[in-house]
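# Summary of the model geometry
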Amino acid sequence: MTGWPVDVAFWVLAVGAVWFGWRVFRTDSMVRATFALLVSFLDVGAIMVLLLAEYLGVALFFMMAVEMTVMAIFMVAYMMNPAGLNPMQMVHQPRVAVVAGVLAAAGLAAVAWFADLPSVALVAPQDTIRELGLEVMGESMILMQTAGITLLATMIGAVALTAAHGRFGEATSGSRPPRLDPDAEPVEQEMARPDPHAHHGGHG
Amino acid sequence: MTLVAVLVVAAALIGVGVWGVLSQQSFVMVMMGFELALNGVMLAAAGAWRFAAGGEPKGQVLVIVALFVMAIEAAIGFALVVAVYRRRQADTTEGIATMER
Amino acid sequence: MTPATLHPLLAVVVGGLVLAGGAVVVGALDAVVGAAVAGDPRPATAGVRAWRRVVLAWRRPGTVTERPDLVLWVVAPAAYVGVAALALAVLPLGDGIAIADVRTGIVVFGAVEVLAMVAVFLHGWAANSALALVGAYRFVAESLSFLLLSMFVLIAAALPAESMAFGEIVASQQGLWNVVRQPLGLPLFTVVALGTTFWGPLNLPDGADIATGTSLEVGGPAYIAWQVARRAMLAVYAIATSVVFLGGHLGPVLPGPVWLALKSVVVASGFVWLGHRVGRVPMDRFVRVAWTVLLPLSFLHLAVTGAVVLL
């Protein structure tokens, strides 16, 4: 796709993506931060549609909306100040982070600007989806199978990490919450010390 | 809309993502920074596919791989956030000082 | 086959008319079918009497909650209608008539469902009210359960057409409608349609047990806008069901759009009738049934469809 409307659309979407990406970390309201990230993703998806990777762009809309909704739920659960009703500043090493971010962006942009990148025009713009389908089912099938197994392992791992029931009962039964004072003796050490009042089991 | 323009935008997204990852204290915000950086990577891959690779279908597969990475990282990341919170009552990077204990 | 598109200005007018007209038709059907189910002796005039409820709703008091998120509160219904319009844009309204019959039609439709989930979540979140937030969370849980259903059903419909565009899906039904050769598809898609518009049995976010949940603090014109948006979305889903399962605009004698309208009215009546006859499903039961029964059914449906297409 060429022409000035496409260029204008591209720049509007690009500026939107970067600006909303920046807003993610500057908003006080956590839910707004999550959906600002969603808007950034939607902008990138729209740019991909302009780049004629239609399926990828629309699949990005689909996937990112679900992911951001799940993330919003986690934000509300694990972040203080989810609605942004209090001003807050939750950053550490702010100057290091800014310098690192600027360096990363500038370095990559410099590579893009000064490198002699090849320029090969799109061979078959109307067949991009068909080519993707044939590729996924053909040469990249082993990649997809591996990704499938990896995703399965991820699902099992996520459930294993967070399940409240283990094989022998409640996962937290017999455990005690950690100490609030970081210098005190860890709870595990105290629990591992043999109890002087307990009767030892019979012999043999 | 040239290759350099797309790559510069992708670089900006990666830079904002890196800034987010390094500056945020909360685990979920660190994950959001990482997602933003992966967003930039996907955009760069799509741009390279379109302008520099002549529509080679493996370029689209690269974008899909980045999408997988994003999904896996989100799933395991959230599971770890929940697990760490249950064991250590910590929801910020300042809340856990060591990896053991 | 190149996708068909209308001139942009005409597209906006046609889309707006279909959405508005669809919402009015669904509202009228809702009143008439509701009256018939309730045993009203003159159900046909219930459509006219329903306007009185609209006037009453205009006077519904809205609450000024403490620190609501006003931006998101306004964005939510607008986003809901916006994605309904996007879904309508990818559906073919006649032979060669479509606002934007893109090649990735079913993926756009799936994205619309997800964005509708986001819109309802924001609608519940923005009010800064407990029951509204409960409604929003319920909708997210409910919605995640049927999103995968919709994708498998649409992919199964796309298999005989060898294309993800809705125009091709209609064309592939020249010989036999999908409702006959993919029997599980229509019931599963009905679940999705009722879910995305949180209608009847799946009205969990705005249910009466949480005192209309996400709409709790909303009053007057905003409430009417929200209900109109839901009805517009149900109209779009009725059109989508006709397109995907009942052959869309195919049919003898009458012009394409007229057939589509007739089929959509029949489907919308079906949805509305289900809304009045089936009680609201408890959330944990719906989630359990959706993940353990409906999702494997949709896998089976897709596998059988794939096998039939390959053989």
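Residues numbered from 1 in each chain as written. Chains lettered and ligands numbered in written order. Predicted model: local features only at pLDDT ≥ 70, side-chain atom pairs only at ≥ 80, totals over all residues.

## Here's the deal with the overall build of chain C
Which entries qualify depends on this criterion: Counting from the N terminus, the helices are the DSSP runs of H or I reaching at least four residues and the strands are the DSSP runs of E reaching at least two. With C-alpha atoms as the basis for the radius of gyration, the globule rule is written as 2.2 Å multiplied by the number of residues raised to the power 0.38. To sort residues by exposure, count the other C-beta atoms lying within 10 Å of each residue's C-beta; 20 or more gives buried, 12 or fewer gives exposed, and values between give partly exposed, all with C-beta atoms placed from the backbone. Contact between residues is assigned whenever the C-beta positions, reconstructed from backbone atoms, fall within 7 Å.
Helices and strands together make up the secondary structure of chain C, namely 11 helices and 2 strands. When the elements of chain C are put in sequence order from the N terminus, they spell out α-α-α-β-β-α-α-α-α-α-α-α-α. In summary, chain C has a C-alpha radius of gyration of 19 Å against a globular reference of 19 Å for 311 residues, a match within 12%. Dimensions of chain C, computed from the C-alpha atoms along their principal axes, are close to 60 × 45 × 40 Å. The buried share among the 311 residues of chain C stands at 51%. A separation threshold of at least 6 residues defines the contact pool for chain C, and within that pool the share at least 24 residues apart is 79%.

## Brief notes about the overall build of chain B
The secondary structure content of chain B amounts to 3 helices and 0 strands. Beginning at the N terminus, the succession of helices and strands in chain B can be written as α-α-α. The dimensions of chain B, computed from C-alpha atoms along their principal axes, are 55 × 25 × 15 Å. Residues counted as buried form 56% of the 101 residues belonging to chain B. For chain B, the proportion of contacts with a sequence separation of at least 24, taken over those separated by at least 6, is 52%.

## So, the interface of chain C and chain A
For the record, the criterion: Any residue outside Ala, Val, Leu, Ile, Met, Phe, Trp, Tyr, Cys, Pro, Asp, Glu, Lys and Arg is labelled polar, Gly included; the first ten of those are nonpolar and the last four are charged.
Opposite the 17 residues of chain C that make contact, chain A presents 15 residues. Those elements that place two or more of their residues in the side of chain C that touches chain A are helix H4 (105–126) and helix H5 (130–161) of chain C. Residue composition of the side of chain C that touches chain A, grouped by class: 11 nonpolar, 3 polar and 3 charged.

## Describing the interface of chain A and chain B
Tallying the contact residues gives 73 residues for chain A and 62 residues for chain B. Partitioned by chemical class, the residues of the side of chain A that touches chain B number 57 nonpolar, 12 polar and 4 charged.

## Examining the environment of Ala97 of chain A
Note that Ala97 of chain A resides in helix H4 (residues 94–114). For Ala97 of chain A, a count of 20 C-beta atoms within 10 Å corresponds to the buried category. The spatial distance from the C-alpha of Ala97 of chain A to the C-alpha of Val24 of chain A is 15 Å, given a sequence separation of 73 residues. Discounting chain neighbours no more than four positions away, the residues touching Ala97 of chain A are Trp19, Leu22 and Ser23 of chain B.

## Side note on the confidence of the model for chain C
Note the threshold: pLDDT: the predictor's confidence for each residue, scored from 0 to 100.
Averaged over chain C, the pLDDT score is 90; the fraction of residues at 70 or greater is 98%. With pTM at 0.88, the complex prediction returns an ipTM value of 0.90.

## Details of the arrangement of the chains
Of all 2 pairs of chains sharing an interface, the pair with the highest contact count is chains A and B. With no contact formed, the shortest span from any C-alpha in chain B to any C-alpha in chain C equals 15 Å.

## What to know about the packing of H4 of chain A against helix H1 (residues 3–23) of chain B
Selection criterion: Each axis is a line fitted through C-alpha atoms, taken for helices only over the stretch in contact, and angles between the N-to-C directions span 0 to 180 degrees. Angles are sorted into four bins: roughly parallel if under 35 degrees, roughly antiparallel if over 145, roughly perpendicular if 65 to 115, and oblique for all others. Definitions for this section: a left-handed crossing has its near helix turned counterclockwise from the far helix by less than a right angle. A right-handed crossing has that turn clockwise.
Between H4 of chain A and H1 of chain B, whose axes approach to 8 Å, the crossing angle comes to 160 degrees. Taken together, the axes of H4 of chain A and H1 of chain B lie roughly antiparallel to each other. Pair H4 of chain A / H1 of chain B crosses with right-handed handedness. A per-class count over the contact of H4 of chain A with H1 of chain B returns 22 nonpolar, 3 polar and no charged.

## So, the environment of Val98 of chain A
With respect to the helices, strands and loops of the structure, Val98 of chain A is situated in helix H4. Through-space distance from the C-alpha of Val98 of chain A to that of Leu42 of chain A is 25 Å; in sequence the pair is 56 residues apart.

## A closer look at the environment of Thr214 of chain C
Residues and elements named next belong to chain C. Here Thr214 is to be found in the loop between helix H8 (185–196) and helix H9 (220–245). With 31 C-beta atoms counted inside 10 Å, the residue Thr214 sits in the buried group. Sequence-wise, Thr214 and Ser129 are 85 residues apart; in three dimensions their C-alpha atoms are separated by 8.8 Å. Apart from residues lying up to four places away in sequence, Thr214 is in contact with Val120, His123, Gly124, Ala132, Gly135, Ala136, Pro205 and Asp206.

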